[in-house]
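So the chains spell out like this:
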Amino acid sequence: MTRRISILGVTGSIGASTVSVLEHQAEGAFAVEAVTGARNIAGLAERARSLRAGVAVTADPALYGDLKDALAGSGVEAAAGPEALVEAASRPADIVMSAIVGAAGLAPTLAAARAGASVALANKECLVAAGDLFIREVEAAGSTLLPVDSEHNAIFQLVEGEAARIERLILTCSGGPFRTWGMEELATATAAQAVKHPQWDMGAKISIDSATLFNKALEMIEAHHLFAVAPGQVEVIIHPQSIIHSMIGFHDGSILAHLGPPDMRVAISHALTWPERGALPVERLDFARLASLTFEAPDATRFPAIRLAREAMDRGGLAGCVLNGAKEVALEAFMAGRIGFLDMAALVEEVMDSLSHLDAATGLEDVYDADAAARRGMADLIAARS
Ligand code: NDP
């Protein structure tokens, strides 16, 4: 039976891997309803054409004309703007890939869930910024969340039938490109150095988040909501080879680990073909060549993001939203060369402390307000330094 799929963020790194996974499916297994992007109009039009999508949407209204021109004669409808994104995400589909980067992914992903589609969730920010609300909406709509983030997908595969017996979730972390760097080197690290991830080929922002360990911080909060475990049950261990994608520890002391090649298509394929397990011609692990798997504790002094995630989870409410909004602005400023690598976490902590009085969200408006306050707070701190 053909399954209808929409891909939000088709022009990104997860978008590309999703297209690659679809190319390995049997003819007619999937039909593409909607694809979305933002600034990469040529890439969006090319993917919309090759996937024979019903509609292609750019988030930027100013680029509507360019998209329409690029799709001329293809039979693919063109649309633009945030409302069109939400409309595309709400179109009838069996599964929606949520792979827009950042808090911009929240509204369209929520729309997909509300429309009853299963959501293959790559975007971390939905759960980090709006965790409890997002989960409540998903449950009320009867939608299914299929985690795509490799760690959460690994846990999802391990957890089946065992949820009540979980003692700890152990998220593995490659340590990023600066794992062995000292404080002095970190102080002068550039965005060009930070995007060179040792194991994973990802978008620029998530690669830099991996260098600060903010990516792991977001994943900790994501795991706390996704698997309904207490903050203290979420652990992080550095595992530079990125072969073990995560582990679950049980009350009897035993541990289950999920292993696989460091290739996002494995997690994406699992989510798209769940509850079946589709075949995928990715690299097979060769243990003789791997020889050793190593582990080390994360260093909280050089990488404070893990501690900030713990604080956000302990505070609860909108603290995750504040952490994420502030972090996104700090990341942009680092990419633009306006602040240093170590400033990112220091400034995020300042914003979190200044907004620690915010109550829990009663609706999405509260989430957007907290996000805006965090962004303003970070922008003010950055402006005050220049
Ligand atoms: P990329 O930066 O490669 O792609 C981001 C996508 O979002 C692009 O399609 C981009 O469009 C689109 N986009 C950017 N800004 C907006 C906006 N304001 N409104 C709507 N769409 C927008 O990111 P990744 O693919 O690396 O990551 C996507 C998400 O998945 C992130 O939340 C990330 O944390 C998560 N993730 C990624 C992993 C990876 O391996 N890459 C692993 C696990 C999770 P355009 O390019 O046209 O501007």
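Only a predicted model underlies this, so the values are computations on that prediction, with no experimental measurement involved. (Residues numbered from 1 in each chain as written. Predicted model: local features only at pLDDT ≥ 70, side-chain atom pairs only at ≥ 80, totals over all residues. Heavy atoms only, no water.)

**Student:** Honestly, the pairing of strand 8 (residues 166–173) in this entry has me stumped. Any pointers?
**Tutor:** Note on strand geometry: in a regular strand, side chains alternate between the two faces of the sheet. Buried residues dominate strand 8, accounting for six of its eight residues. In the sheet, strand 8 pairs with strand 10 (residues 244–250) via five bridges, with the strands oriented antiparallel. Its bridge partner being in strand 10, I170 is matched across the sheet by M247. As judged from the five bridges shared by strand 8 and strand 9 (residues 234–238), these two strands associate in the parallel manner. Bridging across to strand 9, T172 finds its partner in I237. (Buried < 20%, exposed > 50% of the residue type's maximum accessible area, 1.4 Å probe, protein only. Helix = DSSP H or I, 4+ residues; strand = E, 2+ residues; numbered from the N terminus. Pairing = 2+ DSSP bridges.)

**Student:** Can you walk me through helix 12 (residues 264–273) in this structure?
**Tutor:** Given 3.6 residues to a turn, an α-helix orients residues that are three or four positions apart in the same direction. Across the ten residues that make up helix 12, a large majority, eight, are buried. Taken as a whole, helix 12 has its buried residues at M264, A267, I268, S269, H270, A271, L272 and T273.

**Student:** Is there a simple way to explain unusual backbone geometry in this structure?
**Tutor:** Most peptide bonds take the trans configuration, and most residues that are not glycine carry a negative phi. Across the junction of W274 and P275, the peptide omega takes the value 5°, indicating a cis bond. Looking at the secondary structure, you find P275 in the loop between helix 12 and helix 13 (287–290). Of note, the phi angle at L213 is positive, near 75°, even though the residue is not glycine. Its place among the elements puts L213 in the loop between helix 10 (204–212) and helix 11 (214–226). In this structure L213 comes out as buried when scored by relative accessible area, which is 1%. Phi at A291 takes a positive value of approximately 65°, unusual for a residue other than glycine. Assignment of secondary structure puts A291 in the loop between helix 13 and helix 14 (305–315).

**Student:** I tried to follow helix 16 (residues 341–354) on my own but got confused; where do I start?
**Tutor:** Taken as a whole, helix 16 has its buried residues at F341, M344, A345, L347, V348, V351 and M352. Taken down its axis, helix 16 places every buried residue within 170° of arc, on the same side. On the buried face of helix 16, the contacting elements are helix 8 (183–187), helix 10, helix 11, helix 14, helix 15 (319–335) and helix 17 (364–385). (Arc of directions from axis to C-beta. Contact = heavy atoms within 4.5 Å.)

**Student:** Looking at this model, I keep getting lost on the side chain of S174. Mind explaining?
**Tutor:** As for its position among the elements, S174 is in the loop between strand 8 and helix 8. Side-chain polar atoms of S174 contact the backbone nitrogen of G176, separated by 3.0 Å. Every residue in contact with S174, bar those within four places of it in the chain, is listed here: R179, H197, Q199, I238, H239, P240 and S242. (Polar contact = N/O pair within 3.5 Å; in protein donor to acceptor, adjacent residues only side chain to side chain.)

**Student:** Is there a simple way to explain the sheet that holds strand 6 (residues 118–121) in this structure?
**Tutor:** Within a sheet, neighbouring strands are paired by backbone hydrogen bonds and run either parallel or antiparallel to one another. The strand order across the open sheet built from seven strands is 4-3-2-1-5-6-7, with neighbouring strands paired in parallel fashion. Of all strands in the sheet, those with a lone pairing partner are strand 4 (77–80) and strand 7 (145–147), marking the two edges. Going across the sheet, the axis of each strand differs from the next one's by a mean of 20°, ignoring polarity. In this structure, strand 1 (residues 3–8) lies alongside strand 5 (residues 95–98), joined through four bridges in parallel fashion. Looking across to strand 5, one finds that I5 is bridged to I95. Seen against the sheet, helix 1 (residues 13–23) touches strand 1, strand 2 (30–37) and strand 5 and runs at an angle of roughly 160° to strand 1. (Axes fitted to C-alpha atoms, helices over the stretch in contact; angles between N-to-C directions.)

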